[in-house]
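The lines below spell out each chain.
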Amino acid sequence: MTPPAELDAPTHWALAAKYGDPAAQAAFVRLTQAEVWRFAAALVDTSTADDLTQETYLRAFRALPQFEARSSARTWLLGIARRTCADHLRTVVRQRRLENRIATTATPNAHPDPAGQVSATALLDRLSPERRESFILTQLLGLTYEQAAQTLGVPVGTIRSRVARARADLVADVVIALAA
């Protein structure tokens, strides 16, 4: 099916792309990319605008089969860009809150070992970032494995294995520190 000719150019190319035309997909991106980037840069910042623009197009192409041209493709696409930026900002705020909670919970020497040789913070710093995040979320902050999985955007099984490996790493580090 060919889109009607009286549509604006972005909407015309979006509808053509909807029906699987790879040249139309490329034309749609070329025609709208600069504006989406400027919008993302204005809403968030220029350092993340490239990533947010890319995420916007990933979401747009997934949603393209449902695009019915009730509004212009430009309006539709900028709505997707706005939601992409809002999701990004929510993630940044959530990460900052988590980092603040971790910083206040895991202060240096807050939980020294009985021998006074190893601090909890030093042990946690030795863990890989993925294991440390999972361990802190579940064991220090008390989130369920499901909540931690949602927070980090990974499957629950991944959280379980990261926490188990973090525990094993921590035990091994304590044994080594006490033996020294």
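Residues numbered from 1 in each chain as written. Predicted model: local features only at pLDDT ≥ 70, side-chain atom pairs only at ≥ 80, totals over all residues. Heavy atoms only, no water.

Each helix and strand in the chain was counted, giving 8 helices and 0 strands. Ordered by position from the N terminus, the helices and strands of the chain form the series α-α-α-α-α-α-α-α. Each of the 180 residues in the chain was classed as buried or not, and the buried ones make up 33%. In the chain, the share of contacts with a sequence separation of at least 24, taken over all contacts with a separation of at least 6, comes to 52%. Carbon and sulfur atoms make up 54% of the accessible area of the chain, which amounts to about 10,700 Å² in all. (Helix = DSSP H or I, 4+ residues; strand = E, 2+ residues; numbered from the N terminus. Buried < 20%, exposed > 50% of the residue type's maximum accessible area, 1.4 Å probe, protein only. Contact = heavy atoms within 4.5 Å. Areas by Shrake-Rupley, 256 points an atom, 1.4 Å probe, with all protein chains shown as cover.)

Contact geometry of helix H6 (residues 129–140) with helix H8 (residues 156–179) gives a least axis separation of 8 Å together with a crossing angle of 100°. Classified by the angle between their axes, H6 and H8 sit roughly perpendicular to one another. For the pair H6 and H8, the contacting residues are Glu130, Arg131, Ser134, Phe135, Thr138 and Gln139 in the first and Ile159, Arg162, Val163, Arg165, Ala166, Arg167, Asp169 and Leu170 in the second. Taken together, the residues that form the contact of H6 with H8 break down as 5 nonpolar, 3 polar and 6 charged. (Axes fitted to C-alpha atoms, helices over the stretch in contact; angles between N-to-C directions. Parallel < 35°, antiparallel > 145°, perpendicular 65-115°, else oblique. Nonpolar A, V, L, I, M, F, W, Y, C, P; charged D, E, K, R; others polar.)

Attention now moves to the layout of surface pockets. Reported here for the largest pocket is a volume of approximately 380 Å³. Among the elements of the structure, helix H4 (73–105), helix H5 (120–126), H6 and helix H7 (145–152) are those that each provide at least two residues to the lining of the largest pocket. At 7 residues, H4 tops the list of elements feeding residues into the lining of the largest pocket. Of the residues assigned to the lining of the largest pocket, the class counts are 9 nonpolar, 5 polar and 5 charged. (1 Å grid on protein atoms, 1.4 Å probe; cavity = no way out; pocket = protein on both sides within 12 Å on 5 of 7 lines; lining within 4 Å. Points joined across faces, edges and corners; volume = space filled by probe spheres on them.)

Another aspect to go through is the pattern of salt bridges. As enumerated under the stated definition, the model contains 8 salt bridges in all. Measuring nitrogen to oxygen at the nearest pair gives 2.7 Å for the salt bridge that ties Glu68 to Arg70. We classify Arg70 as exposed; its relative accessible area is 74%. For Arg90, the salt bridge goes to Asp87, with nearest N and O atoms at 2.3 Å. Residue Arg90 and its partner Asp87 are located together in helix H4, separated by 3 residues, close to a single helical turn. The partly exposed category is assigned to Asp87, whose relative accessible area is 26%. By sharing partners, the salt bridges in this structure join Glu55, Arg59, Arg62, Asp87 and Arg90 into a single network. (Salt bridge = Lys/Arg side-chain N within 4 Å of Asp/Glu carboxyl O.)

Throughout the structure, instances matching the rule amount to 3 aromatic pairs. Summarising the aromatic geometry, the rings of Phe28 and Tyr57 are spaced 6.4 Å apart at their centres and angled 80° between planes, so their arrangement reads as edge-to-face. Of this pair, Phe28 sits in helix H2 (residues 22–43) while Tyr57 sits in helix H3 (residues 46–63); the two residues are 29 residues apart in sequence, bridging distant segments of the chain. Each member of the pair, Phe28 as well as Tyr57, carries the same accessibility label: buried. Here the aromatic rings of Phe28 and Phe61 are separated by 6.2 Å at their centres, their planes lie at 85°, and the arrangement is edge-to-face. Within this pair, whereas Phe28 is found in helix H2, its partner Phe61 is found in helix H3, the two being separated by 33 residues in sequence. Look at Phe28 and you get buried, because its relative accessible area is 1%. Grouped by ring-pair contacts, the aromatic residues Phe28, Tyr57 and Phe61 constitute a single cluster. (Phe/Tyr/Trp six-rings, centres within 6.5 Å; stacked < 30°, edge-to-face > 60°.)

Glancing now at helix H1 (residues 9–18). Inspection of H1 places Pro10, Thr11, Ala14, Leu15, Ala16 and Ala17 among the buried residues, and these make up the whole buried set. Gly20 lies just past H1 and shows a positive phi near 95°.

This part is about the environment of Thr48. Examined against the element boundaries, Thr48 turns out to sit in helix H3. Separated by 40 residues in sequence, Thr48 and His88 place their C-alpha atoms 9.4 Å apart.

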